[in-house]
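# Structural characterization, general
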Amino acid sequence: MTRRSVVVRSEAEQVLHDLFMRGLNGDTAAYRAFLQKLSTYLRAFLRKRLFGWPDEVEDLVQECLLAMHNQRHTYQSDQPLTAWVHAIARYKMIDLLRAKSIREDLHDPLDDDLAVFAESATEASDARRDLVGLLETLPERQRLPIVHVKIEGLSVAETASLTGMSESAVKIGIHRGLKALAARFRSTL
């Protein structure tokens, strides 16, 4: 009685493997498609593991892609491609975590009771008061777009709807208002 080993491949595995093998055989369009699909796949894989460091994910994706490109000759075509990809991604992730831990060891923790932090709250309220004072010197058609878009984080479309201005008028108001504020800063220096 002989047993046959059946390899079940996921759809992602099949697509990536096919594109990768075609790319290795000189099909540049397939290789480009492979890299794009692999980028999406790696981003999801790394986001799950580095959810506390979203800024690091994109850099790590690029490092993984470069490593996989440089090591493409080591891939054994009878093996699952995603296992090879995961191994490289894990090594790159471990390198990142090691580098981060070394950098973190160099930092001394700060006490929240330090006078520096107490002063920063006062400085922040002073800065907020100063900003409000400066913005009040602007005409409403410049002040409102700056407040809504630049400070509150609304989109230009949302600000236009809220203020009754056109989107172009909102953009112009922001530009002219920031230009006027910059001129005021320069004149005080």
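To be clear, the structure that these remarks concern was listed above.
Described below are features of the structure shown in this document.

Definitions and limits used
- Residues numbered from 1 in each chain as written.
- Predicted model: local features only at pLDDT ≥ 70, side-chain atom pairs only at ≥ 80, totals over all residues.
- Heavy atoms only, no water.
- Salt bridge = Lys/Arg side-chain N within 4 Å of Asp/Glu carboxyl O.
- Helix = DSSP H or I, 4+ residues; strand = E, 2+ residues; numbered from the N terminus.
- Buried < 20%, exposed > 50% of the residue type's maximum accessible area, 1.4 Å probe, protein only.
- Expected span 1.5 Å × (residues − 1).
- Polar contact = N/O pair within 3.5 Å; in protein donor to acceptor, adjacent residues only side chain to side chain.

## Examining the pattern of salt bridges
According to the stated counting rule, one finds 5 salt bridges in the structure shown. Asp18 serves as the salt-bridge partner of Arg22, at 3.2 Å between the closest nitrogen and oxygen. Here Asp18 and Arg22 lie together in helix H1 (residues 11-24), a separation of 4 residues that amounts to about one turn. We note a salt bridge from Arg43 to Glu58, for which the minimum N-O separation is 2.7 Å. Within this pair, whereas Arg43 is found in helix H2 (residues 28-49), its partner Glu58 is found in helix H3 (residues 54-70), the two being separated by 15 residues in sequence. By relative accessible area, which is 19% here, Arg43 ends up buried.

## Remarks on H2
For H2, built from 22 residues, the straight-helix expectation of 32 Å at 1.5 Å per residue is met to within 8% by its first-to-last C-alpha distance of 31 Å. Looking only at H2, the buried set comprises Ala30, Tyr31, Phe34, Leu38, Ser39, Leu42, Arg43, Phe45 and Leu46. The N-cap of H2, judged by a side-chain oxygen 3.2 Å from the amide nitrogen of Ala29 a few residues on, is Asp27.

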